[in-house]
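Fold and geometry: a report
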Amino acid sequence: MSQSLLIVTRQAPWSGPGAREALDIALAGGAFDLPLGLLFLDDGVFQLAPEQQPASLALKDLQANLQALPMFGVEALYVSARSLNERGLSDGALQLPVEVLDDVGLSALFERYDQVITL
Amino acid sequence: MKFAIALFSPPHAPSSRRALRFAEAVLAGGHEIVRLFLYQDAVQHASAALVLPQDETDGARQWQTFISDNQLDAVVCIAAALRRGVLNDEEAARYDKPATVQSQAWTLSGLGQLHEANQLADRLICFGGP
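For every chain, the first residue of the written sequence is number 1, and numbering continues from 1 along that sequence. Throughout, the order in which chains and ligands are written sets their labels, letters from A for the former and numbers from 1 for the latter. Totals for whole chains, interfaces and linings use all residues, but because this is a predicted model, local features are given only for residues with pLDDT of at least 70 and pairs of side-chain atoms are given and counted only at 80 or more. For the side-chain quantities, the full set of heavy atoms in the structure was used; hydrogens and water were omitted.

**With respect to the overall build of chain A**
The helix and strand tally for chain A stands at four helices and five strands. Numbering goes from the N terminus for both helices and strands, where a helix is a DSSP run of H or I of at least four residues and a strand is a run of E of at least two. Its helices and strands in sequence order give chain A the pattern β-α-β-α-β-α-β-α-β, from N to C terminus. Only C-alpha atoms enter the radius of gyration; for comparison, a globular chain is expected to reach 2.2 Å times N to the power 0.38, where N is the number of residues. Taking 2.2 N^0.38 as the reference for a compact globule, 119 residues should give roughly 14 Å; the C-alpha atoms of chain A span a radius of gyration of 14 Å, in line with that estimate. Structurally, chain A occupies a C-alpha span of about 45 × 30 × 20 Å along its principal axes. Note on classification: 1.4 Å probe, protein chains only; a residue is buried when its accessible area is under 20% of the maximum for its type, exposed when over 50%, partly exposed between these limits. For chain A, with 119 residues in total, the buried portion stands at 51%. Whether two residues are in contact is decided by their heavy atoms: any pair within 4.5 Å suffices. For chain A, the share of sequence-separated contacts (at least 6 apart) that also reach a separation of at least 24 residues comes to 76%.

This is the structure in structure tokens:
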């Protein structure tokens, strides 16, 4: 049986290539049909924020890549409720269908996966 | 036990030094390293063009020696490397760049190599996340 991998993405989309590089691990793994989860944590939740204008910072939009996740078979998507609350984001207006988890839920999530990569 | 080791921090970071000490301990303990994988700023470890003052530790060189001495499978993510100017001959020619800086100790390849290593290993150990 395949080892499952949870990717924890903690970088805002404007803070450098970190957000894109975490996402690339998920997309590459999805292409190999591996059991993967992706958790948006801390500033990583900004990747899900609505009405982003990356062009104003001369950045490429991450949205197209994020929207590709289900197409690559990565459908286990999670977000931390605490991280959303701390940043004033509402879970009703996010750009992807993600499961919102409280701290107890996060703890259980980490238990479920064999391996974890945090970026 | 079989270990996959992923490194995300640049050569000057304390986590990169810890990763090397960990890798040495893995082998000293009779365990196996199925693959080393460099991603994000860690791709700088694969540069043969780093120059440090003589009285400072050259972490990238130490990794290169460790890999050669132990004949390890050591892979650099090609997309992360290109973004940071670590090219081999083939990539330098492909993108018409004047310099090749990749150390022979490492191999440029894709993220699939990280996933494959994870599947081959009992444990994935990461160093140098944010």
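Having seen the model, we can carry on.
**A few points about the sheet that holds strand β3 (residues 74-77) of chain B**
All names here are of chain B. A strand pair is defined by DSSP finding two or more bridges across the two strands. What the five strands build is an open sheet, ordered β4-β3-β2-β1-β5; its pairing is parallel. Strands at the two margins of the open sheet, each flanked by one partner only, are β4 (107-109) and β5 (123-127). Neighbour-to-neighbour, the strand axes of this sheet turn through a mean angle of 25°, independent of strand direction. For strand β1 (residues 2-7) and β5, the ladder comprises five bridges, and the chain directions are parallel. The partner of leucine 7 across the bridge, within β5, is phenylalanine 127. Set on the sheet, helix α1 (residues 14-28) makes contact with β1, β2 (32-38) and β5; between it and β1 the angle comes to about 165°. Axis lines are fitted through C-alpha atoms, for helices just across the contact stretch, and the angle between N-to-C directions can take any value from 0 to 180 degrees.

**A look at a nonpolar patch on the surface**
Residues and elements named next belong to chain A. Surface patches are defined over residues having more than 30% relative accessible area and no salt bridge, joining like charges when they lie within 9 Å and nonpolar side chains (Val, Leu, Ile, Met, Phe, Trp, Tyr) when within 5 Å. Using a 1.4 Å probe, accessible areas were evaluated by the Shrake-Rupley method; residue-level cover was limited to the displayed protein chains. Put simply, a salt bridge is a Lys or Arg side-chain nitrogen that is within 4 Å of an Asp or Glu carboxyl oxygen. A contiguous nonpolar surface patch, about 310 Å² in accessible area, is contributed by Trp14, Leu57 and Leu59. By the secondary structure assignment, tryptophan 14 is in the loop between β1 (5-9) and α1 (18-31). A relative accessible area of 46% places tryptophan 14 in the partly exposed class.

**A short note on the sheet that holds strand β5 (residues 115-118) of chain A**
All names here are of chain A. The sheet built from five strands is open, its strands ordered β4-β3-β2-β1-β5 with parallel pairing. Among the strands making up the open sheet, the edge pair consists of β4 (99-101) and β5. Pairwise comparison of adjacent strand axes, ignoring direction, gives a mean angle of 25° for this sheet. Pairing of strand β2 (residues 36-40) with strand β3 (residues 76-80), which is carried by four bridges, proceeds in the parallel orientation. Looking at the pairing, leucine 39 lines up with tyrosine 78 of β3. Sitting on the sheet, helix α4 (residues 103-112) touches β1, β2, β3, β4 and β5, and the angle it makes with β4 is about 110°.

**Structural notes on the layout of surface pockets**
To find leftover empty space, a probe the size of one water molecule is rolled over the atoms. Points on a 1 Å grid over protein atoms alone make up a cavity when a 1.4 Å probe fits among them but cannot get out, and a pocket when they form an open set with protein on both sides within 12 Å along at least five of seven lines; lining residues each have an atom within 4 Å of a point. Grid points are joined across faces, edges and corners, and a volume is the space filled by probe spheres set on the points. Looking at the largest pocket, its volume works out to about 350 Å³. Taken together, 17 residues make up the lining of the largest pocket; nearest its centre are Pro13(A), Trp14(A), Pro54(A), Leu59(A) and Lys60(A). When grouped by side-chain class, the residues that make up the lining of the largest pocket number 10 nonpolar, three polar and four charged. The computed volume of the second largest pocket comes to approximately 250 Å³. The wall of the second largest pocket is formed by 17 residues, among which Pro11(B), His12(B), Thr57(B), Asp58(B) and Gly59(B) lie closest to the centre. Tallying contributions element by element places helix α2 (residues 59-70) of chain B first for the lining of the second largest pocket, with four residues. Looking at the lining of the second largest pocket residue by residue, the class counts come to seven nonpolar, seven polar and three charged. For this classification, Asp, Glu, Lys and Arg are treated as charged, while Ala, Val, Leu, Ile, Met, Phe, Trp, Tyr, Cys and Pro are nonpolar and the rest, including Gly, are polar.

**A short note on the interface of chain A and chain B**
Interfaces are frequently sized by the accessible area removed from exposure as the parts join. Counting residues at the interface gives 22 residues for chain A and 19 residues for chain B. Buried surface at the junction of chain A and chain B, both sides included, amounts to about 1600 Å², of which 58% is carbon and sulfur. Put simply, chain A and chain B have two salt bridges between them. Any pair of nitrogen or oxygen atoms within 3.5 Å is treated as a polar contact; in protein, a donor-acceptor pairing is required on top of that, and neighbouring residues in sequence qualify only through side-chain atoms on both sides. Between the two partners, chain A and chain B, sit nine residue pairs in polar contact (both at pLDDT 80 or more). If one sorts the elements of the side of chain A that touches chain B by residue count, α1(A) sits on top with eight residues. The term buried area means the drop in 1.4 Å probe accessible area that two parts suffer when joined, counted for both and summed.

As far as function goes, none of this settles anything; it's purely spatial.
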